[in-house]
2 protein chains.
Amino acid sequence: MCADSRRAGILLHGGAGRYSIDERRRRILENAIKEAAIAGFSILENGAVEAVVESVRVMEDSGVFNAGLGSALTLNGYVEMDAGVMNGRDLSIGAVANLRGIKNPILVAKKVMEETDHILLAGEGAYKFARMMGFEDSTDKLITEDKKRKHRELVDKWLKGEIYKRFSKLKRFYNQNVDEAVGTVGAVALDYEGNLAAAVSTGGIHIKLEGRVGDSPLPGAGFYANKYAAAVATGIGEYIARLLLSKYACDLVERGKTAREAAVEAIKYITSVFGKNTAGIIVVDYKGRIGADFNTGGMLRAYLGEGLAKPLITIYRENIF
Amino acid sequence: MCADSRRAGILLHGGAGRYSIDERRRRILENAIKEAAIAGFSILENGAVEAVVESVRVMEDSGVFNAGLGSALTLNGYVEMDAGVMNGRDLSIGAVANLRGIKNPILVAKKVMEETDHILLAGEGAYKFARMMGFEDSTDKLITEDKKRKHRELVDKWLKGEIYKRFSKLKRFYNQNVDEAVGTVGAVALDYEGNLAAAVSTGGIHIKLEGRVGDSPLPGAGFYANKYAAAVATGIGEYIARLLLSKYACDLVERGKTAREAAVEAIKYITSVFGKNTAGIIVVDYKGRIGADFNTGGMLRAYLGEGLAKPLITIYRENIF
């Protein structure tokens, strides 16, 4: 089926959270991640980086995840997106943080990797770079009437003290619960040459402070890839970043664990430090073995690899990966 | 001299680089880091976080390092600074990236840690947050005529192809040599309670792209602290971040190495992957043992701990730490 008992394939996630959703919403999410898995896998012969970027791009464009067109609004009504991509072969990285106005942050992140010697551009500089690289401004598509309505409702509830109660002062704006973070997207892949890659994209936490950077664009935190494994984490970025969770999972594979063992141990680790409802992770290792785990109600995920006719898709624990 | 054979103290660096400097410049740098070491150590009884932040603040205000008032200009003439602080006791983090106009990014980073549930604010959002917290705008002090003159010279040389030759396209703006990065500042400390902390601040690479974020504000990359060790790295941020060098050093201490062994191994590691002239690192461990290493000509550093009457200061290899 594949050389060296290696199995090329791509593993995606669409966010960890409570997932108390109805059948209609579930179908929408599953169809969107299915399309993304097929899109990435169909170009896996172009390399792991191309595949994970394409899968993430499709999820950004779907509008149903909290990434790209579906991105949440900041407290003061902006869309500020984070994204990152890493090539496990040479450790090259491209990432953007607080990028406004561009509907595909993952494509800008890829340009950072290809066209600069930097690894991360943020804010206004990231936007100017994107425009210089030919990306259109899509602010009108990113900040829609529908999102503004939802945003006003959230802010109203917050001002009335109905949500985000746990914190005093500025801390109130932030809900220490991963539910709001549902919909961050990510992909990891092993290609036919044996190279690994990871990609991630997010709109961040709803009504976050302007300028807030989560784990997603931070190497080792929201994503990592080397010659042993590729990993993408999702959840409360502030916790994930403190433990460098994606790097942690890759290190476990380097020390002999399988992708599945690494995913399980990584989630055990963050649960032991910061509690439940904090994170999910997807991992693929150098043999193409996959692993996913989460300490939330569910994590939407899809896998498509050599020998499979169509993507395997699941949300909850009862399933096969 | 100290309880549990632990020795409280603070270790600072003022940047790794070639250090082919004259006697006058050397005296200026050594006096500045000496003052910073004394300032931090004098408040070490307030805790490791307070001490490292105070040492870094003094170096930012000295104007002689590439941090705070001394920060380099971006390609298009802005000052955009990165800083971060981490408390090893509870893993709390505060960091800012691409902060403009505020002369003490490390103090804003500390406010991010204390006043928000985020760990990293970037760009315009970071600036607005700083202003909201009462910090003054010091743009006129940050962008001086002297810096503008130096900046014009660098840009002229770059346009003529005299510097930054190695790269094509956008890559040309970036000198793959750590000399330009001299002057990033950092501090690590162990306090009398046995708590560890790390702090870092930088103006980043000269004539960097607007929006560029280096390793300094990235947890695990430019800084890290937990109950085992605290580490701060300096050099080519894009390389340091790919290897999560500060976390790497702390992991080594967790696995039984001393601070010195961890520093030496971390530099060996980055040298093996990205070559010489790429990085320096300072480490303090839970016993207060210190370590510093670098693969450049020198790294300005200072140490002041229990039982010492004044700071030990050194730049090159011939010295004691």
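Criteria and cut-off values
Residues numbered from 1 in each chain as written. Chains lettered and ligands numbered in written order. Predicted model: local features only at pLDDT ≥ 70, side-chain atom pairs only at ≥ 80, totals over all residues. Heavy atoms only, no water. Contact = heavy atoms within 4.5 Å. Buried area = accessible area lost by both parts, 1.4 Å probe. Salt bridge = Lys/Arg side-chain N within 4 Å of Asp/Glu carboxyl O. Helix = DSSP H or I, 4+ residues; strand = E, 2+ residues; numbered from the N terminus. Nonpolar A, V, L, I, M, F, W, Y, C, P; charged D, E, K, R; others polar. Core = buried A, V, L, I, M, F, W, Y, C linked by side-chain atoms within 4.5 Å. Buried < 20%, exposed > 50% of the residue type's maximum accessible area, 1.4 Å probe, protein only. Pairing = 2+ DSSP bridges. Axes fitted to C-alpha atoms, helices over the stretch in contact; angles between N-to-C directions. Least-squares fit on C-alpha atoms with pLDDT ≥ 70 in both.

A. Spatial organisation of the interface of chain B and chain A. In this complex, chain B contributes 49 residues to the contact, which on the side of chain A involves 49 residues. Here chain B packs against chain A, burying approximately 4,000 Å² in sum over the two surfaces, 60% of which is carbon and sulfur. Per-residue buried area on chain B facing chain A is highest for B:Asp117, B:His118 and B:Arg242; these three make up 18% of the total on that side. For B:Glu124, the salt bridge goes to A:Arg100, with nearest N and O atoms at 4.0 Å. Elements with a contribution of two residues or more to the side of chain B that touches chain A: β3 (93-99), α3 (105-115), β4 (120-122), α4 (123-132), α7 (237-243), α8 (245-254) and α9 (259-274) of chain B. Take the side of chain B that touches chain A: its biggest share by element is 5 residues, from α4(B). When its residues are assigned to classes, the side of chain B that touches chain A shows 25 nonpolar, 8 polar and 16 charged.

B. Molecular detail of unusual backbone geometry. Residues and elements named next belong to chain B. Of note, the phi angle at isoleucine 207 is positive, near 40°, even though the residue is not glycine. Structurally, isoleucine 207 is set in the loop between β6 (196-202) and β7 (223-225). The residue leucine 244 is not glycine, and still its phi comes out positive at about 50°.

C. Representation of the nonpolar core. Of all hydrophobic cores here, the largest spans 110 residues; its most connected members are A:Ile270, A:Ile281, A:Val283, B:Ile270, B:Ile281 and B:Val283. For A:Ile270, the residues in contact, after removing those within four places along its chain, are A:Tyr239, A:Ile240, A:Leu243, A:Leu245, A:Gly275, A:Thr278, A:Ala279 and A:Asn295. B:Ala8, B:Ala32, B:Ile33 and B:Ala67 belong to the second-largest nonpolar core, a separate cluster that totals 49 residues.

D. Inspection of the sheet that holds strand β11 (residues 298-305) of chain B at higher detail. Residues and elements named next belong to chain B. On the basis of which strands lie adjacent, the open sheet formed by 8 strands has the order β4-β3-β2-β6-β5-β1-β11-β12 and mixed pairing. Every other strand in the sheet has two partners, leaving β4 and β12 (312-314) as the edge strands with one partner each. Ignoring which end each strand starts from, the neighbouring axes of this sheet average 10° apart. Of the strand pairs in this sheet, β11 and β12 are connected by 3 bridges, and their pairing is antiparallel. Residue pairing across strands places arginine 301 opposite threonine 314, the latter belonging to β12. Where helix α1 (residues 23-42) meets the sheet, it contacts β1 (9-17), β11 and β12, and its direction lies at approximately 30° from that of β11. Sheet contacts for α3: β2 (81-87), β3, β4 and β6; angle to β3, the most-contacted strand, approximately 135°.

E. Structural detail: the relation of the copies chain B and chain A. Superposition of chain B onto chain A requires a rotation of 180° combined with a translation of 0.0 Å along the rotation axis, giving an RMSD of 0.0 Å. Both copies are brought into coincidence by an operation consistent with a two-fold rotation axis. Nearest to the rotation axis, the C-alpha of B:Gly123 is located 2.7 Å from it, this being the minimum over chain B. When the interface residues of chain B are mapped onto chain A, 100% of them again lie at the interface, so the same face is used by both copies.

F. Representation of the pairing of β2(B) in the model. Residues and elements named next belong to chain B. Burial runs high along β2: 7 of the 7 residues are buried. Pairing geometry for β2 and β3, over 5 bridges, is antiparallel. The partner of methionine 86 across the bridge, within β3, is isoleucine 93. Hairpin remark: β2 followed by β3, antiparallel, with 5 residues in the connecting loop; positive phi at leucine 91, about 65°. The sheet contact formed by β2 and β6 spans 6 bridges and is antiparallel. Counterpart to valine 85 in the pairing with β6 is alanine 199.

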